[in-house]
Amino acid sequence: MNKLYAVVLVALVVFLGMGAGSAASMFYTNNSIPTENSTPYTAPIALNKTMQIKYMIKDNTTTKYGIIKHEITRKNKNQTIYPMISFNGTALSLVFPENLTVYYTINGREPTNKSTLYTSPIVLNKNMIIKYLIVVNGTKYTGIVKHTPCKLVKKIQTRKIKNKRIRQVIQELVPA
């Protein structure tokens, strides 16, 4: 059984064992503030390009927001291997497909074959910058995943339209 399916199976077992009242739901979007109308999380999200994901994790008592930015720093023409974001009902994690050699750092340095070897999902529970190096048959793929927990704030914005000042309240995600 490949590692991704094992992670999803464990997540499902954990989710079902927790009871409906304690598991959280995750919603995400690429461009605006996530809401319960955004895309619901149903399967790992492939970080297959340089991209940004804004997410909201909601349970019965709390709502957490965050931003995940992924940048491919060395892309090969036929690249098909990418990291993924996984959510198990309580924790958000960075996962890589199984049977790969993946090295990573969380200290800002470029990863080498002497860096930490990936063996299990990397939990994204704080402000983190993860640089990774995937090596497959001598081919190297590198990238950066930045995780920023955020809070939702309301700001008042004023604009001038036809000699009138219009005030409006806008919502924005800012680092927590």
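Residues numbered from 1 in each chain as written. Predicted model: local features only at pLDDT ≥ 70, side-chain atom pairs only at ≥ 80, totals over all residues. Heavy atoms only, no water.

Engineer: Looking at this structure, I do not really get the overall build of the chain. What am I missing?
Structural biologist: In terms of helices and strands, the chain carries one helix and 13 strands. Order of helices (α) and strands (β) in the chain, N terminus to C terminus: α-β-β-β-β-β-β-β-β-β-β-β-β-β. Among the 176 residues that make up the chain, the fraction classed as buried is 37%. Considering only intrachain contacts with a sequence separation of at least 6, the fraction spanning at least 24 residues in the chain is 48%. (Helix = DSSP H or I, 4+ residues; strand = E, 2+ residues; numbered from the N terminus. Buried < 20%, exposed > 50% of the residue type's maximum accessible area, 1.4 Å probe, protein only. Contact = heavy atoms within 4.5 Å.)

Engineer: For this particular structure, what's the right way to read the sheet that holds strand S10 (residues 122–123)?
Structural biologist: Picture the strands of a sheet paired through backbone hydrogen bonds; they go either parallel or antiparallel. Read across the sheet, four strands follow the order S3-S6-S7-S10 without closing on themselves; strand pairing throughout is antiparallel. Since the sheet does not close on itself, it has two edges, and those belong to strand S3 (45–46) and S10, each with one partner. Taken together, the two bridges between strand S7 (residues 92–95) and S10 define a ladder with antiparallel strand orientation. Note on S10: the bridge partner recorded for Ser 93 is Val 123. (Pairing = 2+ DSSP bridges.)

Engineer: Explain the pattern of salt bridges here, please?
Structural biologist: If charged atoms from side chains of opposite charge come close, those side chains can pair. In the structure shown here, the tally under the stated rule is two salt bridges. Of the charged contacts in the structure, one is a salt bridge between Lys 131 and Glu 110, with a shortest N-O distance of 3.1 Å. In this pair, Lys 131 is assigned in strand S11 (residues 128–136) and Glu 110 in the loop between strand S8 (101–105) and strand S9 (116–117), connecting sequence segments 21 residues apart. Given a relative accessible area of 13%, Lys 131 falls into the buried group. (Salt bridge = Lys/Arg side-chain N within 4 Å of Asp/Glu carboxyl O.)

Engineer: Please clarify how the packing of aromatic side chains should be interpreted in this entry.
Structural biologist: Aromatic rings considered in pairs are described by the distance between their centres and by the relative angle of their planes. Per the stated rule, a full pass over the model turns up three aromatic pairs. Here the aromatic rings of Tyr 41 and Phe 87 are separated by 5.9 Å at their centres, their planes lie at 85°, and the arrangement is edge-to-face. Residue Tyr 41 is found in the loop between strand S2 (39–40) and S3, and its partner Phe 87 is found in strand S6 (residues 84–87); the two are separated by 46 residues along the sequence. As far as burial versus exposure is concerned, Tyr 41 and Phe 87 are alike and both buried. Relative to Tyr 118, the ring of Phe 96 lies with its centre 5.0 Å away and its plane at 75°, an arrangement referred to as edge-to-face. Taken together, the positions of Phe 96 in the loop between S7 and S8 and Tyr 118 in the loop between S9 and S10 put the pair 22 residues apart, joining distant regions of the chain. One aromatic cluster is present, formed by Phe 96, Tyr 118 and Tyr 132 through successive ring pairs. (Phe/Tyr/Trp six-rings, centres within 6.5 Å; stacked < 30°, edge-to-face > 60°.)

Any link to function would need more than the numbers given here.
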